[in-house]
Amino acid sequence: FISQHSRPLRYTFILVLLINLFVHFHASGVALAEWIHIKVEHVFHIPRIIVAIFSFLLALYWDCRQKYRYNSKNQSSPAPWNNRYFFRQLLQSFCRLLPVYPFLAVVISFGFLFVITAFEKLHLPLQILNMPIYYGTLYGPLMMMYWDVKKTVARSGSVLPR
C-alpha cells in the first residue's frame, strides 16, 4: 500500500501514525501528557481548527494535482500547473460559499433529522450519530467548495489562467 505512493505522502502517513500512537499511549494518564493538557487547555481548539483547515486545503490541492496529472496524460500538449489559478479558484469558491454556509448547515442538519428518525424506528443507539452530525454540519458545507474547485479543474482539463 505505502510503496505505491509518493515520498511526501509516505512521510505524512508515518507522521500521522506516530502522532496517533503518541496520543493513544500517552493521553490516558502519563504525567507529560497531563501537564501539556493543563497548560494548553484554554487554546486547545485553535490547533484543532488550524489542522482541520490545513488538512482540508492540502487534500484539495493534492486531489486537484492528481486530477491534473490524469488529465495531462490524456492530452497531447498539456498546459503547466498554475498555483495562482488554483488559489484564485479556491478564493472564488470560498466567496460563493460564505453567504450560503448557514443555509447549507441547516439543510445538512435537516437531512440528519431523517437519519435520527430511522435510527429511532430501528431502535439503534443514537449516540453513534453524535460525531457524524457534528462534523457533517460543521464541515459538510465546506465540501461544496471542495467539489466546486475540483469541478473547475476537471472541466478545464488544465489549470491555466483564464
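Remember, it's a predicted structure, so these values are computed and weren't measured experimentally. Counting restarts for each chain: residues are numbered from 1 in the order of the written sequence. Local features in a predicted model are, by the rule used here, given only for residues with pLDDT of at least 70; side-chain atom pairs are given and counted only at 80 or more, and totals for whole chains, interfaces and linings are based on all residues. To get the side-chain values, all heavy atoms of the structure are used, and hydrogens and water are removed first.

Draft legend 1. Up close: the overall build of the protein. Secondary structure summary: the protein contains 7 helices and 0 strands in total. Only protein chains enter the accessibility calculation, which uses a 1.4 Å probe. A residue is then buried if its area is under 20% of the maximum for its type, exposed if over 50%, and partly exposed in between. Counting over 162 residues, the protein shows a buried share of 20%. Contact criterion: two residues are considered in contact whenever any of their non-hydrogen atoms come within 4.5 Å of each other. For the protein, the share of sequence-separated contacts (at least 6 apart) that also reach a separation of at least 24 residues comes to 70%. When the accessible surface of the protein is totalled, it reaches about 12300 Å², and 71% of it is carbon and sulfur. Numbering of helices and strands runs from the N terminus; a helix is a DSSP stretch of H or I covering at least four residues, while a strand is a stretch of E covering at least two. Note on areas: these come from Shrake-Rupley sampling with a 1.4 Å probe, and a residue is covered only by the protein chains present in the view.

Draft legend 2. Structural detail: the side chain of Asp148. Following the sequence through the fold, Asp148 ends up in helix 7 (residues 142-156). In protein, a polar contact means a hydrogen-donor-capable atom and an acceptor-capable atom, both N or O and within 3.5 Å, with residues adjacent in sequence counting only if both atoms are side-chain atoms; elsewhere, any N or O pair within 3.5 Å suffices. In this structure the side chain of Asp148 is engaged in a polar contact, spanning 3.1 Å, whose partner is the side chain of Ser93. Excluding residues within four positions of it along the chain, Asp148 makes contact with Ser93 and Arg96.

Draft legend 3. Summary view of the confidence of the model for the protein. Within the protein, residue pLDDT values average 78, and 72% of them lie at 70 or more. Note: pLDDT gives the predictor's confidence per residue, expressed from 0 to 100. For the protein, the element scoring lowest by mean pLDDT is helix 2 (residues 31-40), at 65; helix 5 (residues 101-121) scores highest, at 92. Scored below 50 in pLDDT, residues 158-162 makes 20 contacts in the model with residues more than four places away or belonging to other chains.

Draft legend 4. Looking closely at the packing of aromatic side chains. Here a pair means two rings of Phe, Tyr or Trp (six-membered ring of Trp) with centres within 6.5 Å. Their orientation is stacked below 30 degrees between planes, edge-to-face above 60, and tilted elsewhere. This model, assessed by the stated rule, comprises 7 aromatic pairs. Ring geometry for Tyr61 against Phe86: centres 5.2 Å apart, planes inclined by 75°, an arrangement best described as edge-to-face. On the criterion of sequence distance, the pair formed by Tyr61 in helix 3 (residues 45-73) and Phe86 in helix 4 (residues 83-97) is long-range, its members being 25 residues apart. Here Tyr61 falls in the partly exposed class, since its relative accessible area comes to 24%. Aromatic pair Phe110 and Phe114: ring centres 5.1 Å apart, planes at 85°, arrangement edge-to-face. Here the residue Phe110 and the residue Phe114 both occupy positions in helix 5, the gap between them amounting to 4 residues, near one helical turn.

Draft legend 5. Quick peek at a nonpolar patch on the surface. Together, Tyr11, Phe13, Ile14, Leu17, Leu18 and Leu21 make up a nonpolar patch on the protein surface, roughly 560 Å² of accessible area in all. Inspection of the secondary structure puts Leu21 in helix 1 (residues 7-26). To count toward a patch, a residue needs a relative accessible area above 30% and no salt bridge. Like charges then connect within 9 Å, nonpolar side chains (Val, Leu, Ile, Met, Phe, Trp, Tyr) within 5 Å. One side-chain nitrogen of Lys or Arg within 4 Å of one carboxyl oxygen of Asp or Glu is enough to make a salt bridge.

Draft legend 6. Representation of the nonpolar core in the model. Side-chain atoms within 4.5 Å are what join buried Ala, Val, Leu, Ile, Met, Phe, Trp, Tyr and Cys residues into a set we call a nonpolar core. Formed by Phe56, Leu60, Cys64, Tyr68, Trp81, Phe86, Leu90, Leu97, Met145, Tyr146, Val149 and Val153, the largest nonpolar core amounts to 12 residues. Apart from residues no more than four positions distant in its own chain, Cys64 is found in contact with Trp81, Phe86, Val149, Lys150 and Val153.

Draft legend 7. A look at unusual backbone geometry. In this model, His123 sits at a positive phi of 55°, which is unusual for a non-glycine residue. By secondary structure assignment, the location of His123 is in the loop between helix 5 and helix 6 (130-139). In this structure His123 comes out as exposed when scored by relative accessible area, which is 71%.

Draft legend 8. Region of the structure containing the environment of Phe103. Inspection of the secondary structure assignment puts Phe103 in helix 5. What makes Phe103 exposed here is its relative accessible area of 55%. Note: C-alpha distance between Phe103 and Pro141 (38 residues apart in sequence) is 9.0 Å.

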